[in-house]
Amino acid sequence: MTVGNVVTISANYNGSARTLLSFTATSPNQTVTLSGTPLADGAYSFAGRSGGQNYDIGNVQLLYEVTTDNANSRPTVHVSYDGTKASAGDVIGLYEGGKLLGSRTLTASDVGLATATVDVTVAASLGAGNHVITPKFSDAAGNVVTGNDIPLSLASGTAAPVLSNLRVNGETPDTQPINGSATKYAVIAETPLSPATLIGLDQNLTFSGNVGGAGASDHYLISVSMGGKVIVFGEVSAGDFSLTTPANVLAPGMYHDLTITATNASAGINNGQTTIVQNQTLGWYWVPQRLDSMSGGAGDDQIQLAVTAGGANTVVQTGQGKDTLMLGGFGTTDSSRLVATVSDFTLGQDKVKVFGQTITKDNLNTFVTASAYNTSSTKLVVDLDGAGAGGTSYTLYLQNVAYNPGNTHTIFGV
């Protein structure tokens, strides 16, 4: 922070900003403490700050909870278990019938004691009426232990948020519906504007939809998490909403934990009521500075391959479906950095393409040199501009495709 600036931090509540903290910076690394009159009970979201430089590092903002006096529709269950028989990675889930209400994955600190206890909270507000919650303990091998049923009753009069028409898009405005399908999920494939540079695209996602369920003037805190962390949040009014992540919040890859949460942040009986749409599926593929090993999904993915972190040790698993591997330099002319291995290429189903180029049977030999890498693998050296003046090439090892000169055109889908 800049010495002499007045810094103000505020939070939204019921559509209005409330000042949490205001101070004058006296040193670049000043420590301050929030004190004074406590905030009223309710759900709040970050409103903003002034006096600092107009940028964030990794979109650093403030997202937190406060208690509400309204009846608790998201109960927390204290689950006891024998920690000497548990392992990190085991999961305790809360179920109503076959529906998962909330879960907690055990860490190293949760195991080892014979009388261990953890708290597991229901993720979304339960509706009015009678409910029966059943704790279940599951391990990596698929073994499940079921605990005693927990009956509870919630009074009527509240309205949980309703999320609908949830969609996602990248830099292009073409939105795709969000769903949990194993094969028909949304796929966002971002490619730079030129094969010679990474400049031109911010690698971010925009999530949109509709929220309501209570009053037409109510406000809601929407948060989106994926890859085990919150990637964007904001307060919106009832109706249509749109939230855009900062650039490069996650590595490219396949995500099965996309979760969107809506919490009523307005004053009144519905304050704190929460709805969650969880464990949705999204394939997000883009060109990072260096690509680490990654896996696709069971649908039709388009995976961009440029500079890799480990060369031939960078392994791409395409998964099932009809997948496309898009090769490019994108600002790199050092062919030694353009190397990757594909572990599960399916001949006649998956295909390789070169960004900005059209490969046909007639010009295939100007682009590709194929050879045997070992008895079960094929090595491809792909000239990224074919017969052009450039000499940059991409080396691709197809681990499970035995070399056959008659199959090379099939690898490129021609």
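Just above, that's the structure.
The structure presented is a predicted model; accordingly, all values stated were derived computationally and were not measured.

What counts, and where the lines are drawn
- Residues numbered from 1 in each chain as written.
- Predicted model: local features only at pLDDT ≥ 70, side-chain atom pairs only at ≥ 80, totals over all residues.
- Heavy atoms only, no water.
- Helix = DSSP H or I, 4+ residues; strand = E, 2+ residues; numbered from the N terminus.
- Buried < 20%, exposed > 50% of the residue type's maximum accessible area, 1.4 Å probe, protein only.
- Contact = heavy atoms within 4.5 Å.
- Areas by Shrake-Rupley, 256 points an atom, 1.4 Å probe, with all protein chains shown as cover.
- Phe/Tyr/Trp six-rings, centres within 6.5 Å; stacked < 30°, edge-to-face > 60°.
- Lys NZ or Arg CZ within 6 Å of the ring centre and 35° of its normal.
- Pairing = 2+ DSSP bridges.
- Salt bridge = Lys/Arg side-chain N within 4 Å of Asp/Glu carboxyl O.

1. Remarks on the overall build of the protein chain
- Per the secondary structure count, the protein chain includes two helices and 28 strands.
- A total of 414 residues make up the protein chain; the buried ones form 42% of that total.
- Partitioning the intrachain contacts of the protein chain with sequence separation of at least 6 by distance along the chain shows that 61% fall at a separation of at least 24.
- With an accessible surface of roughly 20100 Å², the protein chain has 49% of that area assigned to carbon and sulfur atoms.

2. Points about the environment of Leu384
- The residue Leu384 is located in the loop between strand S27 (377-383) and strand S28 (393-398) in this model.
- Expressed as a C-alpha distance, the spacing of Leu384 and Gly329, which sit 55 residues apart in the sequence, is 7.6 Å.
- Setting aside anything within four residues of it in sequence, one finds Leu384 in contact with Leu327, Gly328, Gly329, Leu338, Val354, Gln357, Thr392, Ser393 and Tyr394.

3. Some remarks on the packing of aromatic side chains
- By the definition in use, this model includes four aromatic pairs.
- Ring geometry for Trp284 versus Trp286: centroids 5.8 Å apart, planes at 40°, classification tilted. Comparing Trp284 with Trp286, the two get one shared label, buried.
- Ring centres of Phe330 and Phe355 lie 5.2 Å apart, and the angle between their planes is 50°; on these two criteria the pair is classed as tilted. Remark: Phe355 occurs in the loop between strand S25 (351-354) and helix H1 (364-367) and Phe330 occurs in the loop between strand S23 (324-327) and strand S24 (339-342); sequence separation between them is 25 residues.
- Classification of Phe330 by relative accessible area gives buried; the value is 3%.
- Over the ring of Tyr95 we find Lys136, and its NZ or CZ is 4.9 Å from the ring centre.

4. Quick look at the sheet that holds strand S12 (residues 176-177)
- Pairing is antiparallel across the open sheet formed by four strands, whose spatial order is S12-S11-S14-S17. Strand pairing shows two members of the sheet lacking a second neighbour, S12 and strand S17 (239-244), which therefore form its edges.
- The sheet contact formed by strand S11 (residues 162-169) and strand S14 (residues 206-212) spans six bridges and is antiparallel. Note that in S14 the partner of Val168 across the bridge is Phe207.

5. So, the pattern of salt bridges
- If you walk through the whole model with that rule in mind, you get one salt bridge.
- Its salt-bridge partner being Asp110, residue Arg104 comes within 3.3 Å of it at the nearest N-O pair.
- Taking relative accessible area as the criterion, Arg104 reaches 30% and is therefore assigned partly exposed.
- In this structure Asp110 comes out as buried when scored by relative accessible area, which is 10%.

6. Notes on the sheet that holds S24
- Taken in spatial order, the six strands of this open sheet run S20-S22-S24-S28-S27-S26, and their pairing is mixed. In the strand order of this sheet, the two ends are held by strand S20 (294-295) and strand S26 (368-374), each with one partner.
- With two bridges connecting them, strand S22 (residues 315-317) and S24 associate as parallel partners. Counterpart to Val315 in the pairing with S24 is Thr341.

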